[in-house]
Amino acid sequence: DGGITQSPKYLFRKEGQNVTLSCEQNLNHDAMYWYRQDPGQGLRLIYYSQIVNDFQKGDIAEGYSVSREKKESFPLTVTSAQKNPTAFYLCASSIVTGGQETQYFGPGTRLLVL
Amino acid sequence: GNSVTQMEGPVTLSEEAFLTINCTYTATGYPSLFWYVQYPGEGLQLLLKATKADDKGSNKGFEATYRKETTSFHLEKGSVQVSDSAVYFCAPPLNDYKLSFGAGTTVTVRA
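To keep things clear, this report deals only with the structure shown in the data block.

About the criteria used
- Residues numbered from 1 in each chain as written.
- Chains lettered and ligands numbered in written order.
- Predicted model: local features only at pLDDT ≥ 70, side-chain atom pairs only at ≥ 80, totals over all residues.
- Heavy atoms only, no water.
- Core = buried A, V, L, I, M, F, W, Y, C linked by side-chain atoms within 4.5 Å.
- Buried < 20%, exposed > 50% of the residue type's maximum accessible area, 1.4 Å probe, protein only.
- Helix = DSSP H or I, 4+ residues; strand = E, 2+ residues; numbered from the N terminus.
- Contact = heavy atoms within 4.5 Å.
- Phe/Tyr/Trp six-rings, centres within 6.5 Å; stacked < 30°, edge-to-face > 60°.
- Patch = residues over 30% accessible without salt bridge, like charges linked within 9 Å, V, L, I, M, F, W, Y side chains within 5 Å.
- Areas by Shrake-Rupley, 256 points an atom, 1.4 Å probe, with all protein chains shown as cover.
- Salt bridge = Lys/Arg side-chain N within 4 Å of Asp/Glu carboxyl O.
- Pairing = 2+ DSSP bridges.
- Axes fitted to C-alpha atoms, helices over the stretch in contact; angles between N-to-C directions.
- Buried area = accessible area lost by both parts, 1.4 Å probe.

1. Some remarks on the nonpolar core
Argument step 1. By size, the foremost hydrophobic cluster in this structure holds 24 residues, and its most contacted members are W35(B), L75(B) and Y88(B).
Argument step 2. Of all elements in the fold, only β2 (11-14), β3 (19-21), β4 (23-26), β5 (33-38), β6 (44-50), β8 (62-65), β10 (86-91) and β11 (105-110) of chain B reach the threshold of two or more residues within this core.
Argument step 3. If near-sequence neighbours (up to four positions away) are discounted, L75(B) is found in contact with L19(B), T20(B), I21(B), W35(B), L47(B), L48(B), F62(B), E63(B), A64(B) and Y88(B).
Argument step 4. L11(A), L21(A), M32(A) and C91(A) belong to the second largest nonpolar core, which has 20 residues in total.

2. A look at the packing of aromatic side chains
Argument step 1. Taken as a whole and judged by the stated rule, the model has ten aromatic pairs over all chains.
Argument step 2. Between the aromatic rings of Y33(A) and Y35(A), the centroid separation amounts to 6.3 Å while the plane-to-plane angle is 20°, which identifies the pairing as stacked.
Argument step 3. Relative accessible area serves as the criterion here: at 1%, Y33(A) is assigned to the buried category.
Argument step 4. Seen from their ring centres, F105(A) and Y36(B) are 5.5 Å apart, and the 85° between their planes marks the pair as edge-to-face. Residue F105(A) is located in strand β10 (residues 100-105), and its partner Y36(B) is located in strand β5; the two belong to separate chains.
Argument step 5. These aromatic residues form a ring-pair network of at least three members: Y33(A), Y35(A), Y48(A), F105(A), F34(B) and Y36(B).

3. Things to note about a nonpolar patch on the surface
Argument step 1. Residues Y10(A), F12(A) and L114(A) make up a contiguous nonpolar surface patch of about 360 Å² in total accessible area.
Argument step 2. Locating Y10(A) in the fold gives a position in strand β2 (residues 10-13).

4. With respect to the sheet that holds strand β7 (residues 56-59) of chain B
Residues and elements named next belong to chain B.
Argument step 1. Read across the open sheet, the four strands follow the order β3-β9-β8-β7; overall the sheet is antiparallel. Across the chains shown, the open sheet's two edge strands, defined by having one partner strand only, are β3 and β7. Pairwise comparison of adjacent strand axes, ignoring direction, gives a mean angle of 15° for this sheet.
Argument step 2. In the sheet, β8 pairs with strand β9 (residues 75-77) via three bridges, with the strands oriented antiparallel. The residue of β9 that forms the bridge with E63 is E76.

5. Quick notes on the interface of chain A and chain B
Argument step 1. Taken together, the contacts link 26 residues of chain A with 21 residues of chain B.
Argument step 2. Of all residues in chain A, L43(A), Q100(A) and E101(A) give up the largest surface area on contact with chain B, accounting jointly for 25% of the area buried on that side.
Argument step 3. Of all the elements in the fold, those that place two or more residues in the side of chain A that touches chain B are β4 (31-37), β5 (43-51), β9 (87-97) and β10 of chain A.
Argument step 4. Looking at which element gives the most residues to the side of chain A that touches chain B, the answer is β10(A), with six residues.

6. Re unusual backbone geometry
Argument step 1. S7(A) connects to P8(A) through a cis peptide bond whose omega is -5°.
Argument step 2. The amide bond that connects G9(B) to the next residue, P10(B), takes the cis arrangement and shows omega of -5°.
Argument step 3. At E16(B), a position not held by glycine, the phi torsion is positive, near 75°.
Argument step 4. Inspection of the secondary structure assignment puts E16(B) in the loop between β2 and β3.
Argument step 5. We note that K60(B) has phi near 55°; this positive angle belongs to a residue other than glycine.

Structure (structure tokens):
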């Protein structure tokens with residue numbers, strides 16, 4: 001089955017610790033995205049990548065870092081500089097058909113601070 | 001740039017009631033429009049989309065028609081079920097990567 005996988009489902013971070021969230025897709029999509037969702041709020045774009053070895057900051061990139069060494073993988077690192085990391089993190093990828101882009105989402109990772 | 005304005009919730013309905021969630025858009029040209037659904041504790045799922053004006057997207061009993069004269073893409077379902085309880089997002093076109101989704105509309109269906 002093709003799709004987007006995120007792991008782990010739950011992740012716990014200690015103060016001052018960096019943690020990495022995994023996102024893998026086997027859909028052969030070029031573009032990938034990371035969003036943050038807080039309770040009762042919409043999704044906010046953290047980073048996106050349109051092609052391998054290239055990525056751009058979204059609206060709330062501070063305290064986060066990404067890499068895109070392979071087309072199918074787009075890991076997100078939440079650094080100790082992110083002072084309020086508790087949230088639901090969603091990875092997405094997209095494909096362009098007929099000149100229009102459609103985005104598909106993974107199941108999410110919930111990050112909690114100990 | 002392109003943007004959407006979505007009806008705020010929460011919306012609470014009884015089973016078998018009619019559901020409408022309003023969404024209007026501002027766009028250059030006629031880009032694709034999307035509705036996503038998020039069930040509790042899960043990621044977003046693409047519910048339906050329409051790729052051009054006057055197109056109707058449909059899935060799982062939900063429908064939305066892309067109306068250029070009113071710049072709207074309202075989501076409708078004639079008879080909701082408890083399992084339709086979720087957050088619904090009207091999504092902006094993706095030709096501006098810096099756009100973000102809004103808060104969505106939380107729908108609760110009571111038995």
